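Letter by letter, the chains look like this.
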Amino acid sequence: MTHRHSRLRSLRTLFIGSLAVLLAACSTIDHGSAPTLEPQAAWVVLPFANHTETPLAGQRAESIAEALLRTKGLSRVKRYPLASQQDALFEGSEQKLQEDALAWARQQGARYALTGAVDEWRYKVGVDGEPAAGVTLQIIDVASGDTLWSGTGGKTGWSREALSAVAQQLIRDLLSTGLAGAR
């Protein structure tokens with residue numbers, strides 16, 4: 001009976017280990033070292049570039065990022081006004097939009113800005129239609145315009161998961177590394 005119990009325990013351990021490897025293979029994240037940040041400082045969420053064919057993917061990621069900043073204990077968070085962002089989209093210059101947004105952040109007295117880009121935001125084609133998200137985030141010192149931290153990642157989910165849930169998990173994981181240096 002002891003041999004059988006030991007064998008079941010070994011099979012269970014093998015199953016759990018295999019599952020962990022499988023789940024880890026569903027995402028990839030790369031990031032820099034976490035900067036030292038002032039946790040009580042004012043933050044702004046600037047426009048995210050949308051490098052996908054999915055309309056408004058950047059704004060969806062911004063919304064998730066703003067909410068996650070608040071859940072990380074940052075209470076002084078503002079988001080770049082949507083109307084200004086939509087108007088700038090017709091100007092055709094992503095760089096001009098970022099410059100205008102950074103100028104707005106300075107006017108708001110913000111210390112840090114979170115911005116980024118969405119590189120993938122879709123359900124994969126196929127029988128299962130797995131959700132897939134790819135995001136790059138940057139924490140910027142508003143006064144100098146310097147990038148203090150950047151991270152990028154991609155994540156796929158299971159066929160019954162929502163794309164927004166997969167994106168939220170990815171952005172949460174990225175932010176956890178970027179905000180690790182908040183005192």
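Now for a quick tour of the structure. (Residues numbered from 1 in each chain as written. Predicted model: local features only at pLDDT ≥ 70, side-chain atom pairs only at ≥ 80, totals over all residues. Heavy atoms only, no water.)

## Points about the overall build of the protein
This is how it is decided: For helices the rule is a DSSP run of H or I covering at least 4 residues; for strands it is a run of E covering at least 2, with both sets numbered from the N terminus onward. Note on exposure labels: buried denotes an accessible area under 20% of the residue type's maximum, exposed denotes more than 50%, and partly exposed covers the range between, all computed with a 1.4 Å probe on protein chains only. Only heavy atoms enter the contact rule, under which two residues are in contact if any of them lie within 4.5 Å. All accessible areas in this document rest on Shrake-Rupley with a 1.4 Å probe, and a residue is counted as covered only by the protein chains that are shown.
Scanning the protein from terminus to terminus reveals five helices and six strands. In the protein, the succession of α and β elements from N to C terminus is α-β-β-α-β-α-α-β-β-β-α. In the protein, which comprises 183 residues, the share counted as buried stands at 37%. Of all intrachain contacts in the protein linking residues separated by at least 6 positions in sequence, the fraction that spans at least 24 positions is 71%. As displayed, the protein has an accessible area near 10400 Å², and 54% of this comes from carbon and sulfur atoms.

## Here we look at the pairing of strand β6 (residues 147–156)
Sheet faces and side chains relate simply in a regular strand, where the side chains alternate between the two faces. For clarity, the threshold we go by: Strand pairing is assigned whenever DSSP identifies at least 2 bridges connecting the two strands.
With five bridges joining them, strand β1 (residues 27–31) and β6 adopt antiparallel strand pairing. If you follow His31 over to β6, its bridge partner there is Gly151. Relative to β6, strand β5 (residues 131–141) runs antiparallel, the two being bridged by nine bridges. Residue Ile139 lies in a different strand from β6, and its bridge partner there is Trp149. Between β5 and β6, which follow one another and run antiparallel, lie five residues, and Gly145 among them has a positive phi close to 85°.

## A few points about the packing of aromatic side chains
Stated formally: Aromatic contacts are taken between Phe, Tyr and Trp rings whose centres are within 6.5 Å, Trp giving its six-membered ring; a plane angle under 30 degrees counts as stacked, one over 60 as edge-to-face, and the others as tilted.
The tally for this structure, following the rule as stated, stands at two aromatic pairs. Between Trp43 and Tyr112 the ring centres are 5.0 Å apart and the planes differ by 40°, which places this aromatic pair in the tilted class. Note that Trp43 is positioned in strand β2 (residues 43–50) and Tyr112 in strand β4 (residues 112–123), a separation of 69 residues in sequence. On the basis of relative accessible area, Trp43 is assigned to the buried category, the value being 2%. Owing to a relative accessible area of 1%, Tyr112 belongs among the buried residues under this scheme.

## Considering the nonpolar core
Counted only if it meets this: Working definition of a nonpolar core: buried Ala, Val, Leu, Ile, Met, Phe, Trp, Tyr and Cys residues. They are joined through side-chain atoms within 4.5 Å.
Core analysis: the biggest nonpolar cluster contains 30 residues, and Trp43, Leu69, Leu114, Leu137 and Ile171 have the highest contact counts within it. The set of elements that each furnish at least two residues to this core consists of β2, α2 (57–71), β4, β5 and α5 (163–178). Per-element accounting of this core gives the leading share, seven residues, to α5. Setting aside anything within four residues of it in sequence, one finds Leu137 in contact with Phe48, Leu114, Thr115, Gly116, Trp149, Ser150, Gly151, Ile171, Leu174 and Leu175. One finds Leu46, Ala101, Trp104 and Ala105 within the second-largest nonpolar core, a separate group that totals 12 residues.

## Focus on the sheet that holds strand β3 (residues 77–79)
Worth spelling out the cut-off: To obtain each axis, a line is fitted to C-alpha atoms, and for helices this fit is confined to the stretch in contact; angles are then taken between N-to-C directions over 0 to 180 degrees.
Pairing in this open sheet of six strands is mixed, and the strands run β1-β6-β5-β4-β2-β3 from one edge to the other. Looking at the sheet topology across the chains shown, the edges are occupied by β1 and β3. Averaged over neighbouring strand pairs, the angle between their axes works out to 20° when direction is ignored. Pairing geometry for β2 and β4, over six bridges, is parallel. Note that in β4 the partner of Trp43 across the bridge is Tyr112. Most of the contacts of α2 go to β2, to which it runs at about 155°, and overall it touches β2, β3 and β4. Where α5 meets the sheet, its contacts fall on β1, β4, β5 and β6, and the angle it forms with β5 comes to roughly 30°.

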